[in-house]
Amino acid sequence: MLKVAVFDEEHEKDLESEVNHFLSKLTEEQIVEMKYSVAATCDAEGEQVYCFSALILYRV
């Protein structure tokens, strides 16, 4: 059976920490694929807001 885990953080180091914690619970054989994405936009005050995301497809 395949499952998906999705992670979304405002800071890349937070995403790295969350993904590494999740991966520590899996074996290499369970990991099928990983995707990474970064998006940026401006909020109402004109400040840049980042979204760092990862998707992990894995076997259970």
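Here the structure is shown first, and the text comes after it.
This section reports on the structure supplied with the text.

### Looking at a nonpolar patch on the surface
A contiguous nonpolar surface patch, about 260 Å² in accessible area, is contributed by Val 4, Val 6 and Leu 55. Mapped onto the fold, Val 4 is located in strand β1 (residues 2-9).

### What about the pattern of salt bridges?
Using the criterion set out here, one finds two salt bridges in the structure. Notably, a salt bridge pairs Glu 16 with Lys 13, separated by 3.5 Å at the nearest N-O pair. Of this pair, Glu 16 and Lys 13 both sit in helix α1 (residues 12-23), separated by three residues, roughly a single helical turn. What makes Lys 13 exposed here is its relative accessible area of 60%. Between Lys 35 and Glu 33 there is a salt bridge whose closest N-O contact spans 3.1 Å. Assessed through its relative accessible area of 49%, Lys 35 is described here as partly exposed.

Reading guide: rules and limits
- Residues numbered from 1 in each chain as written.
- Predicted model: local features only at pLDDT ≥ 70, side-chain atom pairs only at ≥ 80, totals over all residues.
- Heavy atoms only, no water.
- Patch = residues over 30% accessible without salt bridge, like charges linked within 9 Å, V, L, I, M, F, W, Y side chains within 5 Å.
- Areas by Shrake-Rupley, 256 points an atom, 1.4 Å probe, with all protein chains shown as cover.
- Salt bridge = Lys/Arg side-chain N within 4 Å of Asp/Glu carboxyl O.
- Helix = DSSP H or I, 4+ residues; strand = E, 2+ residues; numbered from the N terminus.
- Buried < 20%, exposed > 50% of the residue type's maximum accessible area, 1.4 Å probe, protein only.

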